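Observations on the model geometry
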Amino acid sequence: MRVVSGIQPTGNLHLGNYLGAIKKWVAMQDEMECLFFLADLHAITVYNEPLALANNTREMAAALVACGVDPERAVLFNQARVPAHAELAWLLFCTARMGWLNRMTQFKEKSGKNREGASVGLYAYPVLQAADVLIYGATHVPVGEDQKQHLELARDIATKFNSDFDTELFTLPDPIIEGPATRVMSLRDGSAKMSKSDPSDMSRINLTDDDDTITKKVKKAKTDPEPLPDSLEALEERPEAANLVGMMAALSDRTPEDVLADFAGQGFGAFKPALAEVMVETLRPIRERFVALKSDPAAIDAILQQGSEKARALAAPTVAGAYRALGLQSA
């Protein structure tokens, strides 16, 4: 079983990044063969200041290692160090159909009203995503609800390529559906995703926040006056309460039902201090290691270089096989 997953190299990492993807990656590396990459080629579908992108890539790598991704147990690299990603993407562009891409909902959401002004990369990046996983023969890919459609596209591209060129080159990857707290919401608005772009720093828990800041933010998190119920159904119309319960469940490796069993009937005056304590104890060692790693960019570059060498070796046979199947190289 081989898992491939990527994450955008954004700065100002927060609890949503950790619970949404990184914590799950740490668990996966002990159970299966894993390749994790920083999606810097995806980042350039919109404008990024070059120095900021380079720094953000190192920062994300530092965060992954600080959170427990082990470069000796998983392959950790950034896309740009493995040119085969872009190389295979072009070959797959010639297999993917315009009609398939036109159905991708994320382009419509990301381009908004300025569709004509969006980059070709923003329109076509799901094909690069397909290359990202097909190039390594991934058997499984962790996906949230917003990425299911893109994995289906990867399977469609792989199927058509294999069929068109009478080959079994590409493995069709299956999804790993992520569990609770995949979408960590804002502390100020339970209907909005936790984001670094929110103008209010009180809306998120940053991985660099100290213990007192974390406690203060949890204490001031938006809630409602009702006590916690004894069932998830009763939380459906209470997004802020559901968000905090989801955080507690994910941080303490329990289900939301287990959390409610412990706190049913209690108000947030009791629940918030308990949540803050769990959050502080979880994030303190991550923060300390993250800060130390960020101060040593050469060490981070060495980790990414080591990972990219492993990734290039794994990718090479697939790219060569694609060239041969297309008649671009002799068998």
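Residues numbered from 1 in each chain as written. Predicted model: local features only at pLDDT ≥ 70, side-chain atom pairs only at ≥ 80, totals over all residues. Heavy atoms only, no water.

This is how the line gets drawn: UniProt positions are given in the numbering used here, feature names are shortened, and annotations may be inferred rather than shown by experiment.
Identification of the protein as Tryptophan--tRNA ligase from Alterisphingorhabdus coralli is taken from an unreviewed UniProt entry. Checking UniProt for the protein, the heading Sequence similarities (unreviewed entry) contains the comment "Belongs to the class-I aminoacyl-tRNA synthetase family."

**Details of helix α7 (residues 120-134)**
Formally: To qualify as a helix, a DSSP run of H or I must reach at least 4 residues; to qualify as a strand, a run of E must reach at least 2; elements of each kind are numbered from the N terminus. Helices are assigned an expected span. That span is 1.5 Å times one less than the residue count. Take the seven residues that end at a residue and the seven that start at it, fit an axis to each, and the angle between those axes is the bend at that residue. The cut-offs for exposure are 20% and 50% of the maximum accessible area for each residue type, with area from a 1.4 Å probe on protein chains only; residues under the lower value are buried, those over the upper are exposed, and the others partly exposed.
A rise of 1.5 Å per residue sets the reference length of α7, with its 15 residues, at 21 Å; its end C-alpha atoms lie 21 Å apart and thus fit the reference within 8%. Where α7 bends most, at Pro126, the angle is about 40°. For α7, the buried fraction is high: 13 of the 15 residues fall into the buried class.

**Overview of the packing of helix α10 (residues 239-251) against helix α12 (residues 268-294)**
Threshold: As a rule, the C-alpha atoms of each element are fitted with a line to give its axis, helices using only the stretch in contact, and angles between N-to-C directions run from 0 to 180 degrees. Here is the rule for angles: anything less than 35 degrees is roughly parallel, anything more than 145 is roughly antiparallel, 65 through 115 is roughly perpendicular, and the remaining ranges are oblique. Left-handed describes a crossing whose near helix is turned anticlockwise from the far helix through less than a right angle; right-handed describes the clockwise counterpart. Should any heavy atoms of two residues lie within 4.5 Å, those residues are considered in contact. Ten residues, namely Ala, Val, Leu, Ile, Met, Phe, Trp, Tyr, Cys and Pro, are considered nonpolar, four, namely Asp, Glu, Lys and Arg, are considered charged, and the remaining ones, Gly among them, are considered polar.
One can describe the packing of α10 onto α12 by two numbers: an axis separation of 10 Å at closest approach and a directional angle of 40°. Taken together, α10 and α12 sit at an angle that is classed as oblique. For the element pair α10 and α12, the recorded crossing hand is left-handed. Between α10 and α12, the contacting residues are Ala241, Leu244, Val245, Met247, Met248 and Leu251 on the first element and Phe268, Phe271, Lys272, Ala274, Leu275, Val278, Met279 and Thr282 on the second. For the contact of α10 with α12, the class distribution of residues is twelve nonpolar, one polar and one charged.

**What to know about the nonpolar core**
In summary, soluble globular proteins display a tendency toward joint burial of nonpolar side chains. Note the threshold: Residues belong to a common nonpolar core when they are buried Ala, Val, Leu, Ile, Met, Phe, Trp, Tyr or Cys residues joined through side-chain atoms within 4.5 Å.
One finds Leu15, Tyr18, Phe271 and Met279 to be the most contacted residues of the largest nonpolar core, which totals 60 residues. With residues up to four places along the chain from it excluded, the contact list for Phe271 reads Leu228, Leu244, Val245, Met248, Val259 and Phe263. Within the second largest apolar cluster, 44 residues are counted, among which are Leu35, Phe37, Tyr125 and Ala130.

**Here's the deal with the pattern of salt bridges**
Note the following rule: We define a salt bridge as a side-chain nitrogen of Lys or Arg found within 4 Å of a carboxyl oxygen belonging to Asp or Glu.
The final tally for this structure, using the stated rule, is 18 salt bridges. A salt bridge links Asp301 to Arg58, with the shortest nitrogen-to-oxygen separation between them at 2.9 Å. Here Arg58 lies in helix α3 (residues 50-67) and Asp301 lies in helix α13 (residues 297-326), a separation of 243 residues in the sequence. The partly exposed category is assigned to Arg58, whose relative accessible area is 27%. Glu59 is paired through a salt bridge with Lys294; the nearest N and O atoms lie 3.8 Å apart. Taken together, the positions of Glu59 in helix α3 and Lys294 in helix α12 put the pair 235 residues apart, joining distant regions of the chain. Within this structure, Asp201, Arg204, Asp209 and Lys217 form a network of salt bridges that share partners.

**Thoughts on the side chain of Asp40**
Here is the rule we go by: Polar contacts here mean pairs of N or O atoms no more than 3.5 Å apart (in protein, one a potential hydrogen donor and the other a potential acceptor; neighbouring residues in sequence count only if both atoms are side-chain atoms).
Tracing the sequence through the fold places Asp40 in helix α2 (residues 40-43). Here Asn78 takes part through its side chain, which lies 2.8 Å from a polar atom of the side chain of Asp40. With residues near it in sequence (within four places) discarded, Asp40 still touches Pro9, Leu53, Thr57, Asn78, Gln79 and Ala80.

**Comments concerning a positive patch on the surface**
Put simply, the rule is: Patch definition: residues above 30% relative accessible area lacking any salt bridge, with like charges linked at up to 9 Å and the nonpolar side chains Val, Leu, Ile, Met, Phe, Trp and Tyr linked at up to 5 Å. Computed with a 1.4 Å probe, the accessible areas rest on the Shrake-Rupley method; for each residue, only the protein chains presented here act as cover. Charge counting treats Lys and Arg as positive and Asp and Glu as negative, with His and both chain ends excluded. In this description, the location of a charge corresponds to atom NZ of lysine, CZ of arginine, CG of aspartate or CD of glutamate.
Taken together, Arg188, Lys216, Lys219 and Lys220 make up a surface patch of like positive charges. Within the secondary structure layout, Lys219 lies in helix α9 (residues 211-220). According to the relative accessible area criterion, Lys219 is exposed, its value standing at 66%.

**Describing the packing of aromatic side chains**
Threshold: Centres within 6.5 Å make a pair out of two Phe, Tyr or Trp rings, where for Trp the six-membered ring is used; the pair is then stacked when the planes are under 30 degrees apart, edge-to-face when over 60, and tilted otherwise. Two limits define a charge over a ring: the Lys NZ or Arg CZ must be within 6 Å of the ring centre, and within 35 degrees of the ring normal.
Tallied over the full model, the rule gives nine aromatic pairs. Note on Trp90 and Phe93: the rings are 6.1 Å apart at their centroids and 70° apart in plane angle, and the pair reads as edge-to-face. With Trp90 and Phe93 both in helix α4 (residues 84-93), this residue pair falls three residues apart, about one helical turn. Taking the relative accessible area as the measure of exposure, Trp90 reaches 55% and is therefore exposed. Between Phe161 and Phe170, the ring centres sit 5.0 Å apart and the planes meet at 70°, which makes this aromatic pair edge-to-face. Note on accessibility: Phe161 and Phe170 belong to one class, buried. Here Lys294 stacks its cationic end above the ring of Phe290, 5.2 Å away from the centre of that ring.

**Looking at the UniProt feature "short sequence motif: 'HIGH' region" (unreviewed entry) in the protein**
Within this structure's numbering, the places UniProt gives as "short sequence motif: 'HIGH' region" (unreviewed entry) are residues 9-17. Taken end to end, residues 9-17 is 33% helix and 0% strand, and its two terminal C-alpha atoms sit 11 Å from one another.

**Overview of the packing of α4 against α13**
Where α4 meets α13, the axes come as close as 10 Å, and the angle between the chain directions of the two elements is 25°. Comparing the axis directions of α4 and α13 gives the class roughly parallel. Crossing of α4 over α13 shows left-handed handedness. On the side of α4, the interface is formed by Ala84, Glu87, Leu88 and Leu91, while α13 contributes Ala315, Val319, Ala322, Tyr323 and Leu326.

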